[in-house]
Amino acid sequence: MAEPRLVRIELPGAPPPPSAYAEADRRQAVEDLLAGNRFDPAGLGPGPFGLHLMVREGRLILDIRDGEDEPLRAIILVLGPFRRMIKDYHMLVESHEQAVTEGAMDARVQAIDMGRRGLHNEAAELLQTRLDGRIAVDFETARRLFTLIAALHARV
């Protein structure tokens with residue numbers, strides 16, 4: 001049955017994750033996206049879709065594919081509006097990893113998690129706005145896509 005969703009996500013040319021924690025974060029975002037998402041590119045029919053997500057020359061490329069991995073359309077977004085969020089996200093991931101490794105109090109870990117959730121929410125809203133009229137995505141899909149966008153940057 002055709003539906004407006006992603007069934008495959010690839011990150012060609014993505015840098016290696018800086019840590020096992022970052023690798024697990026990336027892997028979990030992909031698994032969560034594939035388990036449930038809404039991805040509805042304007043004018044491309046019902047799907048399902050594949051997505052090659054990459055960064056080239058400071059731009060985010062969403063290379064939308066059909067079910068057989070044939071290219072359908074590429075959408076290119078400048079990353080400038082996301083740079084601060086990506087940098088902050090990396091700092092929060094590192095802080096969380098450090099807190100867990102050091103056996104920090106639950107309150108500290110929870111505070112870092114709350115900050116990360118807030119940042120995810122802000123980035124998801126921005127991504128939805130930037131994709132408006134090109135790709136309809138629900139809030140959770142946008143949150144998980146931001147995790148992958150941040151993962152494409154070793155450091156911003």
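Fair warning: this is a prediction, and the values are worked out from it, not measured in the lab. (Residues numbered from 1 in each chain as written. Predicted model: local features only at pLDDT ≥ 70, side-chain atom pairs only at ≥ 80, totals over all residues. Heavy atoms only, no water.)

Asks: I'd love a proper account of the overall build of the protein, names of residues and values included.
Replies: Helix and strand counts for the protein stand at four helices and six strands. Across the protein, helices and strands are ordered from the amino to the carboxyl terminus as β-α-β-β-β-β-α-α-β-α. Against the compact-globule benchmark of 15 Å for 156 residues, the protein has a radius of gyration of 16 Å, which places it among compact chains. Evaluated residue by residue, the protein yields a buried proportion of 43% over its 156 residues. Taking as baseline every contact in the protein between residues at least 6 positions apart, the subset at least 24 positions apart corresponds to 63%. Summing over all exposed atoms, the protein offers an accessible surface of approximately 8000 Å²; the carbon and sulfur share of this is 52%. Positive and negative side-chain charges of the protein, numbering 20 and 24 respectively, have mean locations separated by a distance of 5 Å. (Helix = DSSP H or I, 4+ residues; strand = E, 2+ residues; numbered from the N terminus. Rg over C-alpha atoms; globule rule 2.2 N^0.38 Å. Buried < 20%, exposed > 50% of the residue type's maximum accessible area, 1.4 Å probe, protein only. Contact = heavy atoms within 4.5 Å. Areas by Shrake-Rupley, 256 points an atom, 1.4 Å probe, with all protein chains shown as cover. Lys, Arg positive; Asp, Glu negative; His and termini not counted. Charge placed at Lys NZ, Arg CZ, Asp CG, Glu CD.)

Asks: Got a sec to walk through helix α4 (residues 139-151)? Specific residues and values, please.
Replies: In a regular helix each residue adds 1.5 Å, so 13 residues correspond to 18 Å; α4 covers 19 Å between its end C-alpha atoms and thus fits that length. Most of α4 sits out of view: ten of its 13 residues are buried. Within α4 the residues assigned to the buried category are Thr141, Ala142, Arg143, Leu145, Phe146, Thr147, Leu148, Ile149, Ala150 and Ala151. (Expected span 1.5 Å × (residues − 1).)

Asks: Report on the packing of aromatic side chains, specifying residues and quantitative values.
Replies: In this description, a pair of aromatic rings is defined by centroid distance and the angle of the planes. With the rule as written, the count across this model stands at two aromatic pairs. Between the aromatic rings of tyrosine 89 and phenylalanine 146, the centroid separation amounts to 5.6 Å while the plane-to-plane angle is 80 degrees, which identifies the pairing as edge-to-face. Residue tyrosine 89 is located in helix α2 (residues 83-101), and its partner phenylalanine 146 is located in helix α4; the two are separated by 57 residues in the primary sequence. Like tyrosine 89, the residue phenylalanine 146 is buried in the burial classification. (Phe/Tyr/Trp six-rings, centres within 6.5 Å; stacked < 30°, edge-to-face > 60°.)

Asks: Kindly report on the environment of arginine 116, identifying the contributing residues and their values.
Replies: Its location among the elements puts arginine 116 in helix α3 (residues 106-131). A sequence separation of 27 residues divides arginine 116 from tyrosine 89, and the C-alpha atoms of the two residues are 6.8 Å apart. The contacts of arginine 116, once residues within four sequence positions are left out, are Tyr21, Asp25, Tyr89, Leu92 and Val93.

Asks: Tell me what's going on with the confidence of the model for the protein, and back it up with residues and numbers.
Replies: Scored by pLDDT, the protein has a mean of 88; 96% of the residues are at 70 or more. Per-element confidence in the protein ranges from a low mean pLDDT of 83 for α2 to a high of 96 for strand β6 (residues 135-137). (pLDDT = per-residue confidence, 0-100.)

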